[in-house]
Number of protein chains: 2
Amino acid sequence: MQKRINRLLEGQADKKERKKTLQELRLKLLRSQLALSEAAETPVVIMVTGQVGSGRGETVNLLNKWLENRGMETHAFGPPSDEERARPPMWRYWLSLPPAGRIGIYVNGWYGEAVIDRVQGRIGEHVLATRIEETREFEKTLAAEGALILKFWYRISHDRQAERLHELESDPVNRWRVNELSWLRHEQFDAIDETARRVVEATDSAWAPWHVLEGGHPERQTLQTAAIILDRMQDRLKGRREEVESARTPPKRRPVPQPQTLQGLDLTRSMDKAEYKEELTHWQDRLSQLVRDPVFRRDYAVVAVFEGHDAAGKGGSIHRVTAALDARHYRVISVAAPTDEERAQPWIWRFWRQLPPHGRMTIFDRSWYGRVLVERVEGFAEKTDWQRAYAEINHFEQTLLKSNIILAKFWLAIDADEQLARFQARSETPWKEHKLTDEDWRNRERWDDYQAAINDMLRYTDTTAAPWNVVEANDKRYARVKVIKRLCAAIEGAMESGG
Amino acid sequence: MQKRINRLLEGQADKKERKKTLQELRLKLLRSQLALSEAAETPVVIMVTGQVGSGRGETVNLLNKWLENRGMETHAFGPPSDEERARPPMWRYWLSLPPAGRIGIYVNGWYGEAVIDRVQGRIGEHVLATRIEETREFEKTLAAEGALILKFWYRISHDRQAERLHELESDPVNRWRVNELSWLRHEQFDAIDETARRVVEATDSAWAPWHVLEGGHPERQTLQTAAIILDRMQDRLKGRREEVESARTPPKRRPVPQPQTLQGLDLTRSMDKAEYKEELTHWQDRLSQLVRDPVFRRDYAVVAVFEGHDAAGKGGSIHRVTAALDARHYRVISVAAPTDEERAQPWIWRFWRQLPPHGRMTIFDRSWYGRVLVERVEGFAEKTDWQRAYAEINHFEQTLLKSNIILAKFWLAIDADEQLARFQARSETPWKEHKLTDEDWRNRERWDDYQAAINDMLRYTDTTAAPWNVVEANDKRYARVKVIKRLCAAIEGAMESGG
């Protein structure tokens with residue numbers, strides 16, 4: 001196939017041969033798409049970017065004509081809406097990802113946004129570096145989760161761009177593609193080209209390599225693009241997954257300095273009823289004031305994560321928090337088995353889905369940490385997958401912090417005896433017995449495995465930016481007060497440091 | 001149970017009996033919730049509304065304490081975001097609905113919004129009437145699809161409200177619940193009470209009856225509320241579904257005046273290549289201008305529906321439309337089998353999910369009309385269900401029109417011979433053969449059944465407000481030009497009439 005395509009590109013083929021080759025290419029592409037769709041394992045992410053007049057649009061149109069549209073969607077994004085501005089920049093791209101078996105074509109996508117934001121001066125070098133870093137991590141996670149990522153940059157020359165804009169303007173069907181903005185971009189050609197080059201270099205990776213093609217020649221570049229897509233789809237169909245493996249390899253795990261551990265926790269800490277009532281009231285009052293602060297409502301959000309041993313009292317603590325909140329301002333997400341829409345996406349996708357806008361709090365009753373706890377201990381996730389999860393989690397949390405989402409992570413710790421006592425109490429309390437399942441007893445048998453997983457979790461995710469609040473929870477009153485106190489401290493701290 | 005609760009309400013029970021009764025009520029409620037969750041057939045929608053100080057919050061808190069939180073979510077809505085303002089008012093409520101087996105508790109919800117909008121003068125009597133109508137239809141569809149709907153209005157007196165606000169202000173844990181707005185609402189008491197009463201009366205229905213309780217007495221009203229919820233959950237568990245049946249009964253179907261039919265269509269209409277090229281270019285150019293009109297971008301959206309016989313050329317027509325559009329401004333939704341998140345919702349939910357914001361176009365390749373076509377003919381939907389779908393569809397389309405979503409419905413009609421010819425062509429064209437399935441041949445055998453279903457569809461949904469564009473499609477060129485021409489006319493028409 002490649003040989004015959006080269007003959008076309010070199011103009012060695014006559015009309016008849018050309019037609020024959022194109023039909024064969026189209027057919028092979030379609031069959032590859034259908035085979036990948038059939039297998040329903042691989043989402044395909046195709047990024048096409050390039051300056052005005054580079055021929056992106058024509059390439060996308062041909063792909064839409066050749067491929068089965070029922071299995072694909074083309075995404076182009078305008079300026080972010082206010083819902084989008086109130087979330088991390090990658091949020092809208094995460095939510096638009098194609099599920100396994102489908103193709104998502106992105107016109108400019110996260111690349112176009114970063115480059116133009118920088119050229120327009122909406123972001124500085126520092127933020128651009130952050131966007132590049134986030135893009136690398138984003139694509140790495142997608143690839144590690146099995147996505148086939150194809151990125152095309154159609155690089156055009158300043159002169160060719162001018163020619164193309166004039167050509168388009170004189171074509172009644174395409175003249176709308178050219179407007180004042182196109183000519184403004186033409187004036188900005190050098191800045192855009194230079195910035196795009198840097199972004200492309202910095203985001204070229206084994207798992208999401210760039211294909212840089214000469215732009216401004218729609219027919220030619222489309223043919224080259226189609227040939228590359230076919231080639232990489234066929235590799236995947238042949239079971240070649242080097243990119244996936246390169247992305248799946250866990251980065252070297254660096255323990256955080258002085259992580260907390262469960263050893264040496266003083267679980268005897270307790271609080272008497274009178275003090276509890278007074279303290280709880282005080283801190284609930286404080287919390288209700290904090291989340292009503294106009295600055296909080298405008299610029300901040302809270303993500304509170306509740307993890308802990310079974311029966312450690314997560315639900316009870318959450319109730320004491322929400323009692324101080326207006327129902328309009330929070331959501332409690334109880335993490336259960338993923339839905340099929342969620343299973344068809346990267347593992348962390350279902351948490352991206354739930355991020356709060358500014359002024360709101362989302363409380364997770366269990367969270368993304370299940371990946372390195374139950375999924376590790378029960379063997380639901382392969383070793384390389386839960387091992388790379390620490391880095392993915394740290395990166396995810398960094399991303400939240402960067403867009404003023406205040407993170408409060410709580411580990412509610414009880415000891416084995418206390419758990420046994422609570423299991424027994426549950427089994428004897430009619431409206432609690434349903435909470436006690438065989439699974440709880442199974443988990444309990446693996447107590448030591450869980451302790452190891454928990455200590456690893458603390459070792460690798462108890463970061464300075466997103467520290468764990470380990471809460472001694474043998475005494476419910478003490479635990480509930482500490483939780484709400486620490487939550488207030490987290491909000492105050494973030495708002496004072498203004499970050 | 002009810003007897004013992006009455007003893008409590010009448011103050012005949014001592015402390016011990018009181019405790020025993022409450023525990024039993026709590027346990028029965030929980031078990032009913034778990035049983036409904038187990039069956040995973042019934043979403044439960046609980047609406048609690050009432051004026052400031054009526055005790056809504058306390059009631060919701062107790063339900064959250066008594067019920068299993070993993071199976072429920074509480075929803076309270078603030079002012080709409082811009083994404084929400086760019087959609088019909090009920091959009092955000094549709095998207096928040098609990099899936100089958102779960103409970104959604106709404107604080108004020110669509111009722112509070114309508115009442116306050118009216119009292120604040122943001123909407124007039126006419127719009128209020130529309131909101132009421134939409135609420136009735138919304139609840140009717142939910143009920144018909146199996147939802148258990150419980151609506152509680154805690155009606156409080158002006159004096160009791162004042163007392164309650166003072167009580168709350170002097171309670172450190174609850175004082176945040178009272179602010180300037182609360183006292184403003186207190187001043188507006190009469191207007192709110194009068195408007196709420198009218199809305200409640202107008203939205204009381206067999207499938208979603210109101211329970212009006214004396215508000216301002218949290219303990220008492222919560223107990224009454226819990227007893228009613230238990231009662232109606234138990235009825236449902238006993239298989240009593242009167243409400244569902246009352247909502248499922250199809251309304252009398254009124255044919256629209258002079259609906260179009262497939263009889264007497266002149267399918268010989270055609271267009272030669274030269275004229276086609278010229279016309280297509282002309283109308284694509286026109287379309288590209290229309291969707292760029294600042295007024296369109298700010299105030300309008302388009303929903304284009306493509307239906308037709310198998311192989312009638314829907315995909316080809318859609319391509320000719322999208323060729324004139326910027327990828328940022330449209331989405332093509334190919335309607336396939338629903339996902340499990342969609343199957344757990346009312347049948348029309350998955351279309352609500354896809355509505356475009358202003359300035360955008362969403363193109364449906366097959367649509368909600370599948371309900372009265374394939375689902376009817378293949379028997380996927382029960383007769384009463386597809387029969388009531390005509391009214392549900394007309395109502396849905398009315399709702400879109402009311403929020404400036406321009407509707408363009410296309411039926412691409414070919415005759416049986418043309419279809420056979422195209423099936424044969426597909427089977428002989430390598431990159432089209434995958435489009436030809438056994439299902440196509442099966443459908444073809446039921447040609448007459450489909451003709452009957454199509455003519456009924458036209459008879460009941462070819463409304464003046466949302467007319468069908470029946471397109472003679474034996475000749476692809478003629479069909480494509482007619483489609484894009486009619487699409488332009490629909491947009492121009494709507495923008496000229498300013499509605």
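Looking up chain A in an unreviewed UniProt entry gives the name Polyphosphate:AMP phosphotransferase, with the organism given as Alkalispirillum mobile.

**Student:** Just checking my understanding: could you explain the interface of chain A and chain B for this structure?
**Tutor:** The parts lose accessible area when they come together, and the size of an interface is often stated as this lost area. With 53 residues of chain A in contact, the opposing surface of chain B contributes 53 residues. Both faces considered, chain A and chain B share a buried interface measuring about 4,600 Å² in area, 50% of it formed by carbon and sulfur atoms. Where chain A touches chain B, the interface holds 12 salt bridges. D285 of chain A is the salt-bridge partner of R175 of chain B, the closest N and O atoms lying 2.4 Å from each other. Linking chain A with chain B are 21 residue pairs in polar contact (both at pLDDT 80 or more), by the criterion used here.

**Student:** Got a minute to help me understand the relation of the copies chain A and chain B in this structure?
**Tutor:** Relating one copy of the chain to the other takes a rotation about an axis and a shift parallel to that axis. It takes a turn of 180° to lay chain A on chain B, together with a shift of 0.0 Å along the axis; the resulting RMSD is 0.0 Å. On this basis, the relationship between the two copies can be described by a two-fold rotation axis. A share of 100% of the interface residues of chain A reappears at the interface of chain B, consistent with the copies meeting face to face through the same patch.

**Student:** Would you take a moment to explain the sheet that holds strand β10 (residues 468-472) of chain A for this structure?
**Tutor:** Sheet strands pair by backbone hydrogen bonding; their relative direction is either parallel or antiparallel. Residue and element names in this part refer to chain A. In spatial order, the strands read β7-β8-β6-β9-β10; together these 5 strands make up an open sheet with parallel pairing. Both edges of this open sheet fall to β7 (330-334) and β10, since each of them pairs with a single strand only. Across this sheet, the average inter-strand angle for adjacent strands is 20°, counted without regard to direction. Against the sheet, helix α23 (residues 476-497) makes contact with β6 (301-308), β8 (361-365), β9 (405-413) and β10, and its axis sits at roughly 160° relative to β9, the strand it touches most.

**Student:** In this structure, what is going on with the packing of aromatic side chains? I would like to understand it.
**Tutor:** Two numbers describe a pair of aromatic rings. These are the distance of the centres and the angle of the planes. All names here are of chain A. Counted according to the given criterion, the structure contains 42 aromatic pairs over all chains. Here the aromatic rings of F306 and F410 are separated by 5.1 Å at their centres, their planes lie at 25°, and the arrangement is stacked. With F306 in strand β6 and F410 in strand β9, this pair connects stretches of sequence that are 104 residues apart. Across the pair, F410 and F306 agree in class, each one buried. Directly above the aromatic system of W91 lies the positively charged group of R87, at a separation of 4.2 Å from the ring centroid.

**Student:** What is the right way to read the domain arrangement of chain A from this model?
**Tutor:** All names here are of chain A. When the domains of chain A are assigned, the result is domain 1 (2-248) and domain 2 (273-497). Taking only C-alpha atoms into account, the centre of domain 1 sits 39 Å from that of domain 2. On the side of domain 2, 24 residues touch domain 1, which itself brings 21 residues to the contact. In total, domain 1 and domain 2 occlude about 1,900 Å² of area from one another, counting both sides; carbon and sulfur atoms represent 59% of this. The largest contributions to the domain 1 side of the interface with domain 2 come from W94, E145 and R248, which together make up 33% of the buried area. Summed over the shared surface of domain 1 and domain 2, the result is 5 salt bridges. Here R371 makes a salt bridge to E145, at a shortest N to O gap of 3.4 Å.

About the thresholds
- Residues numbered from 1 in each chain as written.
- Chains lettered and ligands numbered in written order.
- Predicted model: local features only at pLDDT ≥ 70, side-chain atom pairs only at ≥ 80, totals over all residues.
- Heavy atoms only, no water.
- Contact = heavy atoms within 4.5 Å.
- Buried area = accessible area lost by both parts, 1.4 Å probe.
- Salt bridge = Lys/Arg side-chain N within 4 Å of Asp/Glu carboxyl O.
- Polar contact = N/O pair within 3.5 Å; in protein donor to acceptor, adjacent residues only side chain to side chain.
- Least-squares fit on C-alpha atoms with pLDDT ≥ 70 in both.
- Pairing = 2+ DSSP bridges.
- Helix = DSSP H or I, 4+ residues; strand = E, 2+ residues; numbered from the N terminus.
- Axes fitted to C-alpha atoms, helices over the stretch in contact; angles between N-to-C directions.
- Phe/Tyr/Trp six-rings, centres within 6.5 Å; stacked < 30°, edge-to-face > 60°.
- Buried < 20%, exposed > 50% of the residue type's maximum accessible area, 1.4 Å probe, protein only.
- Lys NZ or Arg CZ within 6 Å of the ring centre and 35° of its normal.
- Domains from an automatic or database assignment.

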